[in-house]
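Per-entry structural report
For reference, the chains in residue letters:
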Amino acid sequence: MQQTMTEDKKPRMRRLSVVSLQMVKEKTYPFRTNTIRSPLDVVDLVREFIGNADRENFIVISLSTKNTVTNISVAHRGSINASIVHPRETFKTAVLSNAASIIVAHNHPSGNCQPSKEDIEVTKRLNEAGKILGIELLDHCIISDSDSYSMKEHGYI
């Protein structure tokens, strides 16, 4: 025998959240140029932006199609010798700001800018994620007070 649903047996309606996303500008940052032309521009910008940080800071620089900086953000702050970087957090501000490309950078408080195995793996993962998202990873720079290393210049990108 087939049962019919009565009014009191209808599934209860659920409420779904409707959301929107927006970025909030926390502050502005003075810098001599807003266009990135070389890894040295990245190094100067990041070195000035994070100062003498005593732990790793992973920075994302979002760029327009003309390599003009649209925003800069800290995707992750780590410990004195490590930073856990995930593509989700790395590309978040780039997606929200309609960036054409990004450059990422992080500092090595130890002063040694040679990339670790983890640095190389993160670069590869971010490069692949960027291809999927349509946001090109232009470079991954590692900086210290006196040295720097460009993953692009060394063939990792």
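Scroll up a little and you will see the structure.
Read on for a plain summary of the structure. (Residues numbered from 1 in each chain as written. Predicted model: local features only at pLDDT ≥ 70, side-chain atom pairs only at ≥ 80, totals over all residues. Heavy atoms only, no water.)

Details of the pattern of salt bridges
As enumerated under the stated definition, the model contains four salt bridges in all. For Arg55, the salt bridge goes to Asp54, with nearest N and O atoms at 3.2 Å. By relative accessible area, Arg55 is classed as partly exposed at 35%. Residue class for Asp54 comes out partly exposed when judged on its relative accessible area of 49%. Across the pair Lys131 and Glu128 runs a salt bridge whose closest N-O atoms are separated by 3.7 Å. (Salt bridge = Lys/Arg side-chain N within 4 Å of Asp/Glu carboxyl O. Buried < 20%, exposed > 50% of the residue type's maximum accessible area, 1.4 Å probe, protein only.)

Regarding the sheet that holds strand β1 (residues 57-63)
Paired through backbone hydrogen bonds, the strands of a sheet run either parallel or antiparallel to each other. The mixed open sheet is built from five strands, whose spatial order is β2-β1-β3-β4-β5. Of all the strands in the sheet, the pair left with one neighbour each is β2 (69-77) and β5 (148-150). The mean angle between the axes of side-by-side strands here comes to 20°, regardless of whether they run parallel or antiparallel. Taken together, the three bridges between strand β4 (residues 136-143) and β5 define a ladder with antiparallel strand orientation. (Pairing = 2+ DSSP bridges. Helix = DSSP H or I, 4+ residues; strand = E, 2+ residues; numbered from the N terminus. Axes fitted to C-alpha atoms, helices over the stretch in contact; angles between N-to-C directions.)

Considerations on a nonpolar patch on the surface
Together, Leu21, Met23 and Leu96 give the surface a local cluster of nonpolar side chains, amounting to about 300 Å² of exposed area. Assessed through its relative accessible area of 35%, Leu96 is described here as partly exposed. (Patch = residues over 30% accessible without salt bridge, like charges linked within 9 Å, V, L, I, M, F, W, Y side chains within 5 Å. Areas by Shrake-Rupley, 256 points an atom, 1.4 Å probe, with all protein chains shown as cover.)

With respect to the pairing of β2
As paired strands, β1 and β2 are joined by seven bridges and run antiparallel to one another. If you follow Ser62 over to β2, its bridge partner there is Asn71. Between β1 and β2, which pair antiparallel one after the other, the connecting turn spans five residues, and Asn67 there sits at a positive phi close to 60°.

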